[in-house]
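What follows is each chain in one-letter form.
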Amino acid sequence: MKSVYRVCEDVYLIGSSEIFAVKDCCIYLLDLNELVLIDTGAGESFSTLIENIKGIGLNPELISTINTAISIMLGLLPLSLRSTIAR
């Protein structure tokens with residue numbers, strides 16, 4: 001497993017098939033005075049994504065925007081479990 005990759009200032013690759021789940025594509029987090037999640041993965045790596053966000057010193061509860069394609073909406077299901085994020 002690889003770790004989070006800082007693409008450039010305020011842009012992080014927090015998930016991919018090489019970082020965690022084979023079914024995940026590239027999952028990016030942008031820190032633009034608000035957190036923007038680009039893609040959500042296939043849902044199997046939810047807890048790892050949360051830990052990756054915390055690991056770079058950001059709070060996953062501050063994600064304000066999620067940009068995803070309909071084909072990978074399953075990755076959004078765990079986001080409804082807000083209590084999981086806080087732990």
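Here the structure is a predicted model, which means the values were calculated and not measured. (Residues numbered from 1 in each chain as written. Predicted model: local features only at pLDDT ≥ 70, side-chain atom pairs only at ≥ 80, totals over all residues. Heavy atoms only, no water.)

**Regarding the sheet that holds strand β1 (residues 5-8)**
The 5 strands lie next to each other as β1-β2-β3-β4-β5, forming an open sheet whose pairing is mixed. The sheet is open, and its two borders are formed by β1 and β5 (63-67), each paired with just one other strand. Averaged over all adjacent pairs, the angle separating strand axes in this sheet is 25°, with direction ignored. (Pairing = 2+ DSSP bridges. Helix = DSSP H or I, 4+ residues; strand = E, 2+ residues; numbered from the N terminus. Axes fitted to C-alpha atoms, helices over the stretch in contact; angles between N-to-C directions.)

**A closer look at the nonpolar core**
In terms of nonpolar packing, the biggest core is built from 10 residues, these being Tyr12, Ile14, Ile27, Leu29, Leu35, Leu37, Leu49, Ile53, Leu58 and Ile63. At the level of secondary structure, the elements contributing two or more residues to this core comprise β2 (11-15), β3 (27-31), β4 (35-38) and α1 (46-55). (Core = buried A, V, L, I, M, F, W, Y, C linked by side-chain atoms within 4.5 Å. Buried < 20%, exposed > 50% of the residue type's maximum accessible area, 1.4 Å probe, protein only.)

**Things to note about the environment of Ile38**
Tracing the backbone through its elements, the reader meets Ile38 in strand β4. Separated by 11 residues in sequence, Ile38 and Ile27 place their C-alpha atoms 5.8 Å apart. Not counting residues within four places of it along the chain, the set of residues in contact with Ile38 comprises Cys26, Ile27, Tyr28, Leu30 and Asn67. (Contact = heavy atoms within 4.5 Å.)

**Quick notes on the environment of Ile66**
Along the chain, Ile66 turns up in strand β5. Ile66 gets classed as partly exposed once you look at its relative accessible area, which sits at 34%. As for Ile66 and Asp39, which are separated by 27 residues in sequence, their C-alpha atoms are 7.1 Å apart.

**Focus on the pairing of β2**
Counting buried residues along β2, 5 of its 5 residues qualify, which places the element largely inside the surrounding structure. Examined bridge by bridge, β1 and β2 share 3 bridges and lie antiparallel to one another. Counterpart to Cys8 in the pairing with β2 is Val11. From the end of β1 to the start of β2, which pair antiparallel, there are 2 residues, and Asp10 there has a positive phi angle of about 70°.

**Thoughts on unusual backbone geometry**
In this structure, Asp10 is a non-glycine residue whose phi angle is positive, near 70°. Relative to the helices and strands, Asp10 resides in the loop between β1 and β2. Judged by relative accessible area, Asp10 falls into the partly exposed class, the value being 27%. In this structure, Asn33 takes a positive phi of about 65° despite not being glycine. Along the chain, the position of Asn33 falls in the loop between β3 and β4.

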